[in-house]
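# Fold and geometry: a report
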Amino acid sequence: MDVSSKPTTSQQNESENQLPEVRIRQNPQIHLIAEAELVERRPPPNWRTNIKMDEKLTICRKYYIAGFFLLPLFWLVNFVWYYNDAYKVEPFDEQPQFKRYVIRSGIGFIFWTVLLVSWVFYFQTQRFYHDWDYLTFNFPTGSA
């Protein structure tokens, strides 16, 4: 009996611990797909500039009107999104309307923010004087 043909115990343990080799076959149809289809499709980095100005004006007007339904966050979004179109680009036909909507949206947002913060401050500081604790839902009992 030839001792060299038998694997040693350490060689047996190594072969048992190894994972089986897995070969991955490529798709035989891969050559039919054009390289252009392999590229991930994303909007261009300046996707907002691809919208026509009259469409932007329509969206700006809708956001301005939505702010009147007690949604001043629309005015903030309108101001932030369209400030550059109203003031920082070269002049175009719809720019005066953009300026009107953007300025009014900014003023409306500031007005509602000041009004809301004033009401919260007044309510929190004067609620004991006017006994407004019954307007809230939590009634602290004072015991543990």
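Residues numbered from 1 in each chain as written. Predicted model: local features only at pLDDT ≥ 70, side-chain atom pairs only at ≥ 80, totals over all residues. Heavy atoms only, no water.

Here is the rule we go by: UniProt positions are given in the numbering used here, feature names are shortened, and annotations may be inferred rather than shown by experiment.
In the annotation of an unreviewed UniProt entry, the entry for the chain reads Gamma-secretase subunit PEN-2, and the organism field reads Sipha flava. Taken directly from UniProt, the Subcellular location (unreviewed entry) text for the chain runs: "Membrane". Recorded in UniProt for the chain, the comment headed Sequence similarities (unreviewed entry) runs: "Belongs to the PEN-2 family."

### Quick word on unusual backbone geometry
Phi is mostly negative for residues that are not glycine, and the peptide bonds are mostly trans. Test applied: Only DSSP runs of H or I reaching four residues or more are called helices, and only runs of E reaching two or more are called strands; each is numbered from the N terminus. Burial classes follow relative accessibility: with a 1.4 Å probe on protein chains only, a residue under 20% of its type's maximum area counts as buried, one over 50% as exposed, and anything between as partly exposed.
Positive phi values are uncommon outside glycine, yet Leu 70 reaches one of about 55 degrees. Looking at the secondary structure, you find Leu 70 in the loop between α3 (53-66) and α4 (72-87). Overall, the relative accessible area of 60% leaves Leu 70 in the exposed class.

### Looking at α4
Keep this limit in mind: A helix's residues, less one, multiplied by 1.5 Å, set its expected span. Two axes are fitted around each residue, one to the seven residues ending there and one to the seven starting there, and the angle between them is reported as the bend at that residue. Here, residues are in contact when the closest pair of their heavy atoms is within 4.5 Å.
Counted at 1.5 Å a residue, the expected span for α4 with its 16 residues is 22 Å, and the 22 Å between its end C-alpha atoms agrees. Where α4 bends most, the angle comes to about 40 degrees, and this point is Trp 81. Trp 75, Asn 78, Tyr 82, Asp 85 and Ala 86 are the residues of α4 that are buried. For α4, the elements touching its buried residues are α3 and α5 (95-126).

### What about the UniProt feature "transmembrane region" (unreviewed entry) in the chain?
Following the UniProt record, the feature "transmembrane region" (unreviewed entry) maps to residues 63-81 and 101-122 here. Secondary structure across residues 63-81 divides into 74% helix and 0% strand, with the first and last C-alpha atoms of the span separated by 11 Å. In residues 101-122, the share of helix is 100% and the share of strand is 0%. The end C-alpha atoms are 31 Å apart.

### Overview of the side chain of Gln 95
Its place among the elements puts Gln 95 in helix α5. With a relative accessible area of 8%, Gln 95 lands in the buried category. If sequence neighbours within four positions are ignored, Gln 95 has contacts with Asp 85, Ala 86, Tyr 87, Val 89 and Glu 90.

### Digging into the pattern of salt bridges
Formally: Just to be clear on terms, a salt bridge is a Lys or Arg side-chain nitrogen sitting within 4 Å of an Asp or Glu carboxyl oxygen.
One pass over the structure, following the stated rule, counts 1 salt bridge. The shortest N-O distance in the salt bridge between Lys 56 and Asp 85 comes to 3.4 Å. Of the two residues, Lys 56 sits in helix α3 while Asp 85 sits in helix α4, which places them 29 residues apart along the sequence. Given the relative accessible area of 4%, Lys 56 is considered buried.

### A word on the packing of aromatic side chains
Heads up, the rule is: What counts as a ring pair is set by centres within 6.5 Å for rings of Phe, Tyr and Trp (its six-membered ring), and what kind of pair is set by the plane angle: stacked under 30 degrees, edge-to-face over 60, tilted for all other angles.
Under the criterion given, the structure shown has 13 aromatic pairs. Their ring planes at 75 degrees and their centres at 5.8 Å tell us that Phe 92 and Phe 98 sit as a pair that is edge-to-face. An identical accessibility class is assigned to Phe 92 and Phe 98; each is buried. Taken together, a centroid distance of 5.7 Å and an interplanar angle of 40 degrees make the contact between Trp 119 and Phe 123 tilted. Highlighted residues: Trp 119 and Phe 123, both in helix α5, separated by 4 residues, approximately one helical turn. Using a relative accessible area of 13% as the deciding quantity, one classes Phe 123 as buried. By the ring-pair criterion, three or more aromatic residues cluster together here, those being Tyr 63, Phe 74, Trp 81, Tyr 82, Phe 92 and Phe 98.

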